[in-house]
Amino acid sequence: MDKKLLEILVCPVSKAPLELNEETNELICRASGLAYPIRDDIPVMLESEARTLTAEERERK
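Residues numbered from 1 in each chain as written. Predicted model: local features only at pLDDT ≥ 70, side-chain atom pairs only at ≥ 80, totals over all residues. Heavy atoms only, no water.

**What about the overall build of the protein?**
Right, so step 1: Helix and strand counts for the protein come out as two helices and five strands.
Right, so step 2: Overall, the protein shows an N-to-C arrangement of helices and strands of α-β-β-β-β-β-α.
Right, so step 3: For the protein, whose C-alpha radius of gyration is 10 Å, the value lies close to the compact-globule estimate of 10 Å for 61 residues.
Right, so step 4: Taking the principal axes of the C-alpha coordinates as reference, the protein spans close to 25 × 25 × 20 Å.
Right, so step 5: The buried share of the protein, taken over its 61 residues, is 33%.
Right, so step 6: The contacts of the protein with a sequence gap of at least 6 include a subset with a gap of at least 24, amounting to 22%.
Right, so step 7: If you sum the accessible surface of the protein, you get close to 4,300 Å²; carbon and sulfur atoms cover 50% of it.
Right, so step 8: Treating the 9 positive side-chain charges of the protein as one cloud and the 13 negative ones as another, the clouds have centres 5 Å apart. (Helix = DSSP H or I, 4+ residues; strand = E, 2+ residues; numbered from the N terminus. Rg over C-alpha atoms; globule rule 2.2 N^0.38 Å. Buried < 20%, exposed > 50% of the residue type's maximum accessible area, 1.4 Å probe, protein only. Contact = heavy atoms within 4.5 Å. Areas by Shrake-Rupley, 256 points an atom, 1.4 Å probe, with all protein chains shown as cover. Lys, Arg positive; Asp, Glu negative; His and termini not counted. Charge placed at Lys NZ, Arg CZ, Asp CG, Glu CD.)

**Let's talk about the pairing of strand β3 (residues 34–39)**
Here is the key point about a regular strand: its side chains alternate between the two faces of the sheet.
Right, so step 1: Of all six residues that make up β3, five are buried, and the element is covered over most of its length.
Right, so step 2: By the bridge criterion, four bridges tie strand β2 (residues 26–29) to β3 in an arrangement that is antiparallel. Residue pairing across strands places cysteine 29 opposite leucine 34, the latter belonging to β3.
Right, so step 3: Sheet analysis places β3 next to strand β5 (residues 51–52), joined by two bridges and oriented antiparallel. Residue pairing across strands places leucine 34 opposite threonine 52, the latter belonging to β5.
Right, so step 4: Where β3 lies against strand β4 (residues 42–43), two bridges are found, and the strand directions are antiparallel. Counted as the bridge partner of isoleucine 38 is proline 43 from β4.
Right, so step 5: Hairpin connection from β3 to β4: two residues lie between these consecutive antiparallel strands, with aspartate 40 at a positive phi of about 55°. (Pairing = 2+ DSSP bridges.)

As far as function goes, none of this settles anything; it's purely spatial.
This is the structure in structure tokens:
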């Protein structure tokens, strides 16, 4: 994932910054509690495609 792209992307729900989780290949938004998948190097920024973070994942930094 391009670091410059990551700097300008925000969560479509909360408008908060996103964090890249390289382990799961997702963009994480702790504010909304959602994880957006990255497929073929393209972030899928649709709320309907996002998964809900667990309580543990929301607290992790």
